[in-house]
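Results of the structural survey
So you can see what is in the structure, the chains are spelled out below.
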Amino acid sequence: MALTPDDVVTKQFQHVRFKEGFDPDEVDDFLDEIVVEWRKTIAENEELKSKLAAYESGEATPAPAEAPASEAPAATEPVVEEAPAPVASTPTSGQEPAAQSAGIIELAQRLHDEHVAEGRAQRDQLISEAQAQAASIVAEAEQKGREERARLEKERTTLEGRITELRNFERDYRSQLRSYIEGQLRDLDTTATSSGSTPVSAIGL
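Residues numbered from 1 in each chain as written. Predicted model: local features only at pLDDT ≥ 70, side-chain atom pairs only at ≥ 80, totals over all residues. Heavy atoms only, no water.

Before going further, it helps to spend a moment on the overall build of the protein. Scanning the protein for helices and strands turns up five helices and zero strands. From first element to last, N terminus to C terminus, the protein shows the α and β order α-α-α-α-α. For the protein, the proportion of its 205 residues judged to be buried stands at 4%. Counting only contacts in the protein whose residues sit at least 6 apart along the sequence, the fraction spanning at least 24 positions is 26%. Put simply, the protein shows about 17,900 Å² of open surface, and 57% of that area lies on carbon and sulfur atoms. (Helix = DSSP H or I, 4+ residues; strand = E, 2+ residues; numbered from the N terminus. Buried < 20%, exposed > 50% of the residue type's maximum accessible area, 1.4 Å probe, protein only. Contact = heavy atoms within 4.5 Å. Areas by Shrake-Rupley, 256 points an atom, 1.4 Å probe, with all protein chains shown as cover.)

Let's shift gears to the pattern of salt bridges. Enumeration over the complete set of coordinates arrives at nine salt bridges. Here Arg 151 ties to Glu 155 by a salt bridge, and the two come within 2.6 Å at their closest N and O atoms. Of this pair, Arg 151 and Glu 155 both sit in helix α4 (residues 89-195), four residues apart, which is roughly one turn of that helix. A residue is classified by how much of its surface remains accessible, and Arg 151, at 39% relative accessible area, is partly exposed. Two residues, Arg 162 and Glu 165, come together in a salt bridge whose shortest N-O distance is 3.4 Å. Taken together, the positions of Arg 162 and Glu 165, both in helix α4 and three residues apart, correspond to about one turn of that helix. Its relative accessible area of 49% is what places Glu 165 among the partly exposed residues. Among the charged side chains, a network of salt bridges with common partners joins Glu 148, Arg 151 and Glu 155. (Salt bridge = Lys/Arg side-chain N within 4 Å of Asp/Glu carboxyl O.)

Our next topic: the packing of aromatic side chains. One pass over the full model with this rule turns up one aromatic pair. Centroid distance Phe 169 to Tyr 173: 6.2 Å. Interplanar angle 20°. Geometry classified as stacked. With Phe 169 and Tyr 173 both in helix α4 and four residues apart, this pair spans about one turn of that helix. Residue class for Phe 169 comes out exposed when judged on its relative accessible area of 57%. (Phe/Tyr/Trp six-rings, centres within 6.5 Å; stacked < 30°, edge-to-face > 60°.)

A grouping of Asp 25, Asp 28, Asp 29, Asp 32 and Glu 33 is seen on the molecular surface, where their side chains present a negatively charged patch. Relative to the helices and strands, Asp 28 resides in helix α2 (residues 24-57). (Patch = residues over 30% accessible without salt bridge, like charges linked within 9 Å, V, L, I, M, F, W, Y side chains within 5 Å. Lys, Arg positive; Asp, Glu negative; His and termini not counted. Charge placed at Lys NZ, Arg CZ, Asp CG, Glu CD.)

Looking at the protein as a whole, its pLDDT mean stands at 75, while 67% of the residues score no less than 70. Put simply, helix α3 (residues 72-81) is where the protein has its lowest mean pLDDT, 41, and α4 is where it has its highest, 85. Ignoring residues within four places in sequence, the model shows residues 64-94, a span with pLDDT below 50, making five contacts including any to other chains. (pLDDT = per-residue confidence, 0-100.)

This part takes up α2. Spacing of three or four residues puts side chains on the same side of an α-helix, whose turn is 3.6 residues. For α2, spanning 34 residues, the distance from its first C-alpha to its last is 49 Å, which sits close to the expected 50 Å at 1.5 Å a residue. All of the buried residues along α2 are Phe 30, Ile 34, Glu 37 and Ala 54. Immediately downstream of α2, the backbone of Gly 58 shows phi near 85°, a positive value. (Expected span 1.5 Å × (residues − 1).)

Looking now at a nonpolar patch on the surface. Together, Phe 169, Tyr 173, Leu 177, Tyr 180, Ile 181, Leu 185 and Leu 188 make up a nonpolar patch on the protein surface, roughly 710 Å² of accessible area in all. Its relative accessible area of 47% is what places Tyr 173 among the partly exposed residues.

Below you can see the structure in the form of C-alpha cells.
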C-alpha cells in the first residue's frame, strides 16, 4: 500500500504506559515506511527527468506507458518511423543562444543608457553648481567693489574738506599778515614824520 501525505498527517501513535511519549519502535517503523516511499518517488522523478531530457535532446523517444507485452513489438515500429520528429527541437536549441544573446544585448543597452543618463545628470549638476558658485563670486566681488567705492568716496570728501579748510586758513593768515605789516608800516611813517625824518614809504619800502 502506497504511503500518502494524509497517512502522515492522520497517523496515530499508541501511548505507552508509565511514561509520557509514543512507542519508539512504532515511530521508527513508520518513519522507515516514509523513507522507503520517498526514495521510490525520488527515483521515479529522476528516471522521468532523464527520459524527458533524452527526448528533448533527440537521443531517444519516449516509450509507451504501461504497454502490454503482446503489443510491445507493434509499438516499436511506429517509434522508429517517427524518429525524425525530434528534429523539430533543433530550432529550439538554436534559438536559445540567439535569445540569450538578445537578452545580453538588451541588458548591455539598458546599462549603457543608465550610465549615460547618470553621466548627464552629474554633468548638469556640476554645471549648475559651477554657475551658482560663479554667481556667488561675482555678487561678492560687486559687493566689495561697492563698499570700496563708498570708502574711497568718503575719503575723497574728507580730503576735499581738509583742503578747503587749509585754503581758508591760508587766506585768513595772508590777510592777517598783510594787515599786520601795513599797520607796522603806518606806525613807522607816523614816527618818522613826527621826528622830521624821511617816511619809510618814500624810501620805497
